2 protein chains.
Amino acid sequence: MPSERTRRRIPEATVARLPVYLRILGELADDEVESISSDGLADLAGVNAAKVRKDLSFLGSYGTRGVGYVVAYLVYQVRRELGLTHDWPVVIVGAGNLGHALAGHGGFSQRGFPVAAVVDVDPEKVGSVLGGVLVRHIDELSEIVQSKQINIGVVATSASGAQDAAERLVRAGVTSILNFAPVVLSVPRSVEVRKVDLAAELQILSYYEHRRSLAAHGQGSSHSATVVGLATDNGVARRSANA
Amino acid sequence: MPSERTRRRIPEATVARLPVYLRILGELADDEVESISSDGLADLAGVNAAKVRKDLSFLGSYGTRGVGYVVAYLVYQVRRELGLTHDWPVVIVGAGNLGHALAGHGGFSQRGFPVAAVVDVDPEKVGSVLGGVLVRHIDELSEIVQSKQINIGVVATSASGAQDAAERLVRAGVTSILNFAPVVLSVPRSVEVRKVDLAAELQILSYYEHRRSLAAHGQGSSHSATVVGLATDNGVARRSANA
DNA sequence: ATGCATTCGTGCGCGCGTTCACAAAGCGCG
DNA sequence: CGCGCTTTGTGAACGCGCGCACGAATGCAT
Ligand SMILES: NC(=O)c1ccc[n+]([C@@H]2O[C@H](COP(=O)([O-])OP(=O)(O)OC[C@H]3O[C@@H](n4cnc5c(N)ncnc54)[C@H](O)[C@@H]3O)[C@@H](O)[C@H]2O)c1
Ligand SMILES: NC(=O)c1ccc[n+]([C@@H]2O[C@H](COP(=O)([O-])OP(=O)(O)OC[C@H]3O[C@@H](n4cnc5c(N)ncnc54)[C@H](O)[C@@H]3O)[C@@H](O)[C@H]2O)c1
């Protein structure tokens, strides 16, 4: 079996789903489920079964026809592909409201992303302890990133400080950034940025709410007008897993 | 001019970008910039200019050839399309770490999403005040949602409580949910759900970091191997706006 | 008034991602 | 040992969204 000849690129959309599969597989493993079909996994993940199979096929042929996927083995393969064979320490920039919640959240280290450091520009914040981590001054960022081998930075500053924070992270050697500030960061192309914009998410929901209310008393369609009571027509996800 | 005949559906990808445009347009308005070209807006939003024009064209023809878009007018149109002509009160379920940060965050009311209520199942949490809002017991959810005309709910409970929280929200009459728990919520198709999964975001970054490290010493490509120092080759976003 | 520069609006081709559908492959039972 | 049942892996069709490229419209200078 050739274990290490695979250097195909995985579609972005698939990469974005792998963490979802991984989490579900982890839960199955905890429940001592030994194998799972693409159908079962699709149900639990709320996606199409063919998509699951195609997604997983990018990693290799790790299923068994007529049976399904061995959970433990698949967990290993997905983790390997995502680069989760070792921890990725992260540094949080901005010890405000959000930085506090993030640092205090155990889920990160649990999933392989220990908060190795928190920095802030405000001398008032420096010296306090968030989630067991001492807040240090942002001027020490480079030293911290270098010595702790940090590749991933989290921007949790105010909007006005975000670009500065990003530039400092890049200068310190960070190559991936998760940005919570409602700002489009300008960084070298070689740096990967992902953003989480809560206000934008709410506005997207607002769009659909608005649209719904237009449809309700407007002209066009149709049935399902003012069904506010609970309609239990689940489209997805009744639990199922073959043992 | 026909103002209200437009019932075309806007592509999901476009809807997701409108909030970004809106934020930038708001900043331009604050800076008293009166008009902006698709090129300028594209720069600031970090996207292609044609995309900006196409996105905006779904709202109608609100630009002026040879000139650009009048900022104030465009703000109005985007807000109208997103349903932001009135506030959308939200209820937060889960008064933990995250619920605390969310409730204490002024940015939401500022953008039209006032935190009208916070509820929790834990009697210990009930009665405390988060961001000026009294935490109430989740059993009061229906009454709260009805009386305050709430359509949008935020799930900020532990993973184990998320499905229960979602079901209670739906039963109370909420039709849009923003979910922070790492769980695939099962709700009626008529309910719109968006999720924010921080661990997944980090894992996606991990994938690209991992890939990068493989490329660096592996076989394939190429230049840009271990360029850790800052390369100032910004692909995007030098400020520009025509006045 | 005419021409020139600018910028919008959009038709069109292309590439990516989703989904269907089916052949290949393994399992278990008789 | 073969047959039928199950489920994977993937070829192929489809649809959506992206971005180029260009015509149309507008403003401004002369
Ligand atoms: N709190 C939330 O729940 C929430 C929700 C959505 C979005 N956000 C966004 O997350 C960001 C942080 O929110 P918050 O509530 O924590 O804000 P905050 O004001 O409480 O904290 C910001 C922190 O960043 C620090 N800071 C500012 N500029 C800096 C810089 N250049 N370098 C280093 N540190 C710097 C400040 O000293 C402060 O401690 C904001 O952009 C906000 O829009 C927060
Ligand atoms: N804190 C963070 O920065 C952070 C980051 C990423 C993701 N998350 C996710 O957000 C969620 C909340 O995180 P947290 O740190 O606030 O957790 P937490 O444990 O501090 O708070 C959870 C709260 O939800 C309440 N709760 C539980 N079940 C409930 C139910 N059925 N109905 C109503 N309330 C219920 C609990 O009483 C508790 O107060 C978790 O799923 C976590 O994975 C949090």
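Given the structure is predicted, the values throughout are model-derived calculations rather than measurements.

Here's the deal with the packing of aromatic side chains
Here is step 1 of the chain: Counted under the stated rule, the structure contains four aromatic pairs over all chains.
Here is step 2 of the chain: Between Tyr62(A) and Tyr73(A) the ring centres are 5.5 Å apart and the planes differ by 85°, which places this aromatic pair in the edge-to-face class. Of the two residues, Tyr62(A) sits in the loop between α3 (49–57) and β2 (63–64) while Tyr73(A) sits in helix α4 (residues 71–82), which places them 11 residues apart along the sequence.
Here is step 3 of the chain: According to the relative accessible area criterion, Tyr73(A) is partly exposed, its value standing at 39%.
Here is step 4 of the chain: Seen from their ring centres, Tyr207(B) and Tyr208(B) are 5.0 Å apart, and the 80° between their planes marks the pair as edge-to-face. Each of the two residues, Tyr207(B) as well as Tyr208(B), counts as buried.

Some points on the relation of the copies chain B and chain A
Applying a rotation about an axis and a shift along it to one chain copy brings it onto the other copy.
Here is step 1 of the chain: Of the transformation placing chain B onto chain A, the axial shift is 0.0 Å and the rotation is 180°, giving an RMSD of 0.0 Å. Taken together, the rotation and translation describe the operation of a two-fold axis. When C-alpha distances to the rotation axis are compared across chain B, the minimum falls at Ala101(B), with a value of 3.2 Å.
Here is step 2 of the chain: The fraction of interface residues of chain B whose copies in chain A are also interface residues reaches 100%, indicating that both copies meet through the same surface.

Quick word on the interface of chain B and chain A
Here is step 1 of the chain: Taken residue by residue, the interface counts 77 residues in chain B and 77 residues in chain A.
Here is step 2 of the chain: Of all residues in chain B, the largest losses of buried area upon contact with chain A belong to Leu202(B), Gln203(B) and Tyr207(B), amounting jointly to 9% of the total for that side.
Here is step 3 of the chain: Scanning the region where chain B abuts chain A turns up two salt bridges.
Here is step 4 of the chain: Between Glu201(B) and Arg194(A) there is a salt bridge, with its nearest N and O atoms 2.4 Å apart.

Overview of the site of ligand 2
Here is step 1 of the chain: In the region of ligand 2, 24 residues are neighbours, and Asn97(B), Leu98(B), Asp120(B), Lys125(B) and Thr157(B) sit closest.
Here is step 2 of the chain: Taken together, the residues near ligand 2 originate from chains A and B.
Here is step 3 of the chain: One nitrogen or oxygen atom from the main chain of Ala101(A) is found 3.0 Å from an oxygen atom belonging to ligand 2.
Here is step 4 of the chain: At 3.5 Å, a backbone N or O of Leu102(A) approaches an oxygen atom of ligand 2.
Here is step 5 of the chain: Counting residues per element, the ones that place at least two in the shell around ligand 2 are α5 (97–103) of chain A together with α5 (97–103) and α8 (159–172) of chain B.
Here is step 6 of the chain: When residues of the shell around ligand 2 are assigned to their parent elements, the largest contribution, three residues, is made by α8(B).
Here is step 7 of the chain: Residue composition of the shell around ligand 2, grouped by class: 13 nonpolar, seven polar and four charged.

Structural notes on the protein's contact with DNA strand D
Here is step 1 of the chain: Taken together, 28 residues lie around DNA strand D, and Ser38(A), Gly66(A), Tyr69(A), Lys51(B) and Lys54(B) are the ones closest in.
Here is step 2 of the chain: In the interface set of DNA strand D, defined as its atoms within 4 Å of the protein, sugar plus phosphate atoms amount to 64%.
Here is step 3 of the chain: Here a phosphate oxygen of DNA strand D sits 2.9 Å away from a polar atom, N or O, in the side chain of Arg17(B).
Here is step 4 of the chain: The side chain of Arg53(B) places a nitrogen or oxygen atom 3.2 Å from a base nitrogen of DNA strand D.
Here is step 5 of the chain: Ranked by residue count, the leading element in the surface near DNA strand D is helix α3 (residues 49–57) of chain B, at four residues.

Observations regarding the site of ligand 1
Here is step 1 of the chain: The environment of ligand 1 is made up of 24 residues, and the closest members are Asn97(A), Leu98(A), Asp120(A), Lys125(A) and Thr157(A).
Here is step 2 of the chain: Proximal residues around ligand 1 fall on chains A and B, making this an inter-chain site.
Here is step 3 of the chain: The contact in question runs from an oxygen atom of ligand 1 to an N or O atom on the backbone of Asn97(A), over 3.0 Å.
Here is step 4 of the chain: Between ligand 1 and Val121(A) there is a distance of 3.3 Å, counted from a nitrogen atom to a backbone nitrogen or oxygen.
Here is step 5 of the chain: The fraction of the free accessible surface of ligand 1 (820 Å²) that becomes covered by protein chains is 84%.

Examining the confidence of the model for chain A
Residues and elements named next belong to chain A.
Here is step 1 of the chain: Residues of chain A with pLDDT of at least 70 account for 86%, and the chain-wide mean is 89.
Here is step 2 of the chain: Scored below 50 in pLDDT, residues 1–6 makes one contact in the model with residues more than four places away or belonging to other chains.
Here is step 3 of the chain: Here residues 220–243 scores under 50 on pLDDT; set against residues more than four positions off or in separate chains, the count is 35 contacts.

Quick look at the protein's contact with DNA strand C
Here is step 1 of the chain: The local shell around DNA strand C holds 27 residues, among which Arg17(A), Arg65(A), Ser38(B), Arg53(B) and Tyr69(B) are the closest.
Here is step 2 of the chain: Tyr62(B) is positioned such that a nitrogen or oxygen atom in its backbone is 3.4 Å from a phosphate oxygen of DNA strand C.
Here is step 3 of the chain: Here Gly66(B) contributes a backbone N or O atom positioned 3.1 Å from a sugar or linking oxygen of DNA strand C.
Here is step 4 of the chain: Looking at the surface near DNA strand C, the elements with two or more residues in it are α1 (12–30) and α3 of chain A together with α3, β2 (63–64) and β3 (68–70) of chain B.
Here is step 5 of the chain: With four residues, the top contributor of residues to the surface near DNA strand C is α3(A).
Here is step 6 of the chain: Of the residues that constitute the surface near DNA strand C, the class distribution is seven nonpolar, 11 polar and nine charged.

Re the environment of Asp55(A)
Residue and element names in this part refer to chain A.
Here is step 1 of the chain: Note that aspartate 55 resides in helix α3.
Here is step 2 of the chain: Classification of aspartate 55 as buried rests on a relative accessible area of 2%.
Here is step 3 of the chain: Put simply, aspartate 55 and proline 89 are 34 residues apart on the chain and 27 Å apart in space, counted from C-alpha to C-alpha.
Here is step 4 of the chain: Those residues in contact with aspartate 55 that lie beyond four places of it in its chain are Thr14, Arg17 and Tyr21.

Digging into helix α1 (residues 12–30) of chain B
Residue and element names in this part refer to chain B.
Here is step 1 of the chain: Between its terminal C-alpha atoms α1 stretches 28 Å, which fits the 27 Å expected from 19 residues at 1.5 Å a residue.
Here is step 2 of the chain: Where α1 is concerned, the buried positions are Thr14, Val15, Arg17, Leu18, Pro19, Val20, Tyr21, Leu22, Arg23, Ile24, Leu25 and Leu28.
Here is step 3 of the chain: Looking one or two residues past α1, glutamate 32 carries a phi angle of roughly 60°, positive in sign.

Remarks on the pairing of strand β5 (residues 115–120) of chain B
All names here are of chain B.
Here is step 1 of the chain: Where burial is concerned, most of β5 is hidden: six out of the six residues are buried.
Here is step 2 of the chain: Where strand β4 (residues 90–93) and β5 come together, four bridges link them in parallel fashion. Paired with valine 93 across the strands is valine 119, a residue of β5.
Here is step 3 of the chain: For β5 and strand β7 (residues 133–137), the ladder comprises three bridges, and the chain directions are parallel. Bridge pairing in β7 places aspartate 120 opposite histidine 137.

Quick notes on the rules
- Residues numbered from 1 in each chain as written.
- Chains lettered and ligands numbered in written order.
- Predicted model: local features only at pLDDT ≥ 70, side-chain atom pairs only at ≥ 80, totals over all residues.
- Heavy atoms only, no water.
- Phe/Tyr/Trp six-rings, centres within 6.5 Å; stacked < 30°, edge-to-face > 60°.
- Helix = DSSP H or I, 4+ residues; strand = E, 2+ residues; numbered from the N terminus.
- Buried < 20%, exposed > 50% of the residue type's maximum accessible area, 1.4 Å probe, protein only.
- Least-squares fit on C-alpha atoms with pLDDT ≥ 70 in both.
- Contact = heavy atoms within 4.5 Å.
- Buried area = accessible area lost by both parts, 1.4 Å probe.
- Salt bridge = Lys/Arg side-chain N within 4 Å of Asp/Glu carboxyl O.
- Near = heavy atom within 4 Å.
- Polar contact = N/O pair within 3.5 Å; in protein donor to acceptor, adjacent residues only side chain to side chain.
- Nonpolar A, V, L, I, M, F, W, Y, C, P; charged D, E, K, R; others polar.
- Areas by Shrake-Rupley, 256 points an atom, 1.4 Å probe, with all protein chains shown as cover.
- pLDDT = per-residue confidence, 0-100.
- Expected span 1.5 Å × (residues − 1).
- Pairing = 2+ DSSP bridges.

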